[in-house]
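# Close look at the chain arrangement
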Amino acid sequence: MRKHSTNGTYGTGRAGAGAGAREEIEVNVQPRVGDTSAAVHPTPSPSVPPRGVKGRGRPYKSHSPWLVPVMVGANIIIFLITMYVNDCPKHFVTGGSPCVARFLGRFSFQPTKENPLLGPSSATLQKMGALDVDKVVHGDQGWRLISCIWLHAGLVHILANMLCLLLIGIRLEQEFGFFKVGLVYMISGLGGSVLSALFIQSSISVGASGALFGLLGAMLSELLTNWTIYANKCAALMTLIFVIVLNLAIGILPHVDNFAHLGGFISGFLLGFVVLIRPQFGWVNQKYQYTRPGSLPGPASTKSKHNVCQYVLWIAAAVVLIIGFVVAMVMLFRGVNGNDHCSWCHYLSCVPTSKWKCNSSPVYCESSQDGDILSLICQGNGRARNYTMPNATDSQIRGLCTQLCT
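One structure accompanies this document, and this report is about it. What you are looking at is a predicted structure, and each value in this text was computed from that prediction instead of being measured.

### Notes on the side chain of Thr-225
By the element assignment, Thr-225 lies in helix 8 (residues 209–225). The exposure class of Thr-225 is buried, given its relative accessible area of 5%. If near-sequence neighbours (up to four positions away) are discounted, Thr-225 is found in contact with Phe-273, Leu-276, Ile-277, Gln-310 and Leu-313.

Here it is, written out as structure tokens:
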């Protein structure tokens, strides 16, 4: 889930749990006519491929996954640091809602009225590097496009995202290695942040779900470009599409940043055609036949390693990806609001119903200090409240204002 908040208004959503099942292909190689070695060296059982050849019939190295567990650990450590910096009890004021799980000390959570996901305040997330369009465009803080990927709005948020990362990322890293998976993860996360910044400019955004949707998109393009190595192609395709559509549909709930999901998915989908390309099954099968231990040398391979469709998709995806990033970055740093050029695009992130609204406008309060008494009036709903709080800071006022207006 990629979470966006309006000065402390939080929501839930899942980023994608699971992926399309990949079917194993058994290799059954018949001896060539006149190949007398078959009598001495029988063809290996299809269910037990020889060393160096996987069940799909293609010689590739099985990688030991380490990057994905490291990323999960890094996200958890950053979340703990964020909670340490947040220090809810230190900012508690008389008259305000109490911190959740106060026995955790400075690691306790903000009041659920401010953050129902059990996490820090919006002010703390901004301090730690949340995506804030105004700071990115006018404050020369473009690094927030990357830093926001490693931040999470709460305990519920990080648990959901890290579970998805383990389920999706480990299998991809086993097949393609840490470099390709890490590349897809980071570029997809950046793509999600850029699209989110173009369309959601009134609130901050944090979360790794743009990168997670990028991994899902890469899995889909990998299935399409490596079509010949799959057995039950349609079943694998339908399963993966169902998972993707289901999770994008969850993104239309309020306070879930579906633009980050879409941006990450599109980036990962295009990048998958470029970095996750595999040799054709026919080329691998033919190569395996003539390099099998004990077989006689065969004629030179007449099957190309990659087909024309794979090359066309590789070039087209690379061109679209580069142009898309350049255009989006130029628009972002020129201060363009994507909603001004697309009147219906806001429905991609939230569809209003009778049960919820999609208004993500920031909350505002009138504040006045009289000695030790802080008075706040929410301009959105007219609520007023007094707090015993001498010398209130801006971040404390924003937190109390969020509680009052929600």
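### Notes on the sheet that holds strand 5 (residues 384–388)
Read from one edge to the other, the open sheet built from 3 strands follows the order 3-4-5, with strand pairing classed as antiparallel. One side of each edge strand has no neighbouring strand; the edge strands of this open sheet are strand 3 (365–370) and strand 5. Here the strands of the sheet are splayed against their neighbours by 20 degrees on average, with no regard to which way each runs. Bridging between strand 3 and strand 4 (residues 373–378) involves 6 bridges; their strand directions are antiparallel. In the sheet register, Gln-369 faces strand 4, and the bridge partner there is Leu-374.

### As for unusual backbone geometry
Of note in this structure, Asp-87 is not a glycine but carries a positive phi near 45 degrees. Tracing the backbone through its elements, the reader meets Asp-87 in the loop between helix 2 (67–86) and helix 3 (122–128). Residue Asp-87 is classed as buried on the basis of its relative accessible area, which comes to 11%. At Asp-140, a residue that is not glycine, the phi angle is positive and equals roughly 55 degrees. Of note, Asp-140 is situated in the loop between helix 4 (133–138) and helix 5 (144–147). Assessed through its relative accessible area of 70%, Asp-140 is described here as exposed.

### Examining helix 10 (residues 258–275)
In a regular helix each residue adds 1.5 Å, so 18 residues correspond to 26 Å; helix 10 covers 25 Å between its end C-alpha atoms and thus fits that length. Within helix 10, 16 of the 18 residues are buried, leaving the element largely enclosed by the surrounding structure. A distance of 3.3 Å separates the backbone nitrogen of Phe-259 from a side-chain oxygen at the start of helix 10, and that oxygen is part of Asp-257.

### A closer look at the environment of Leu-248
Checked against the element boundaries, Leu-248 lands in helix 9 (residues 233–250). Leu-248 sits in the buried class, given a relative accessible area of 17%. In this structure, the C-alpha to C-alpha distance between Leu-248 and Phe-259, residues 11 residues apart in sequence, is 9.7 Å. If sequence neighbours within four positions are ignored, Leu-248 has contacts with Phe-213, Asn-258, His-261 and Leu-262.

### Comments concerning the pattern of salt bridges
Between side chains of opposite charge, a pair can form when the charged atoms approach closely. On inspection of all chains with the given rule, the structure shows 2 salt bridges. For the salt bridge of Asp-87 with Arg-106, the shortest nitrogen-to-oxygen distance reads 3.7 Å. Of this pair, Asp-87 sits in the loop between helix 2 and helix 3 while Arg-106 sits in the loop between helix 2 and helix 3, and the two are 19 residues apart along the sequence.

### Here's the deal with the nonpolar core
Across soluble globular proteins, nonpolar side chains show a tendency to be buried alongside one another. By size, the foremost hydrophobic cluster in this structure holds 65 residues, and its most contacted members are Leu-165, Tyr-185 and Leu-215. Mapped onto this core, the elements with two or more residues apiece are helix 2, helix 4, helix 6 (155–176), helix 7 (178–199), helix 8, helix 9, helix 10 and helix 12 (308–333). Core analysis: the second largest hydrophobic core is formed by 7 residues, Leu-117, Ala-153, Ile-204 and Val-206 among them.

### Regarding helix 2
Between the first and last C-alpha of helix 2 there are 28 Å, a value that for 20 residues agrees with the 28 Å anticipated at 1.5 Å per step. Of the residues making up helix 2, those classed as buried are Leu-67, Val-68, Met-71, Val-72, Asn-75, Phe-79, Thr-82, Met-83 and Asn-86. Here the buried residues of helix 2 occupy an arc of 155 degrees about the axis, which is enough to place them on one side. Buried-residue contacts for helix 2 involve helix 3, helix 6 and helix 7. Just downstream of helix 2, Asp-87 is the residue with a positive phi angle, here 45 degrees.

### Section: the packing of helix 6 against helix 7
At a closest axis distance of 7 Å, the pairing of helix 6 and helix 7 adopts a crossing angle of 135 degrees. Taken together, helix 6 and helix 7 sit at an angle that is classed as oblique. Taking contact as the criterion, the partners of Leu-165, Gly-169, Leu-172, Glu-173 and Phe-176 in helix 6 are, on helix 7, Phe-178, Lys-180, Val-181 and Tyr-185. A per-class count over the contact of helix 6 with helix 7 returns 6 nonpolar, 1 polar and 2 charged.

The rules behind these values
Residues numbered from 1 in each chain as written. Predicted model: local features only at pLDDT ≥ 70, side-chain atom pairs only at ≥ 80, totals over all residues. Heavy atoms only, no water. Helix = DSSP H or I, 4+ residues; strand = E, 2+ residues; numbered from the N terminus. Buried < 20%, exposed > 50% of the residue type's maximum accessible area, 1.4 Å probe, protein only. Contact = heavy atoms within 4.5 Å. Pairing = 2+ DSSP bridges. Axes fitted to C-alpha atoms, helices over the stretch in contact; angles between N-to-C directions. Expected span 1.5 Å × (residues − 1). Polar contact = N/O pair within 3.5 Å; in protein donor to acceptor, adjacent residues only side chain to side chain. Salt bridge = Lys/Arg side-chain N within 4 Å of Asp/Glu carboxyl O. Core = buried A, V, L, I, M, F, W, Y, C linked by side-chain atoms within 4.5 Å. Arc of directions from axis to C-beta. Parallel < 35°, antiparallel > 145°, perpendicular 65-115°, else oblique. Nonpolar A, V, L, I, M, F, W, Y, C, P; charged D, E, K, R; others polar.

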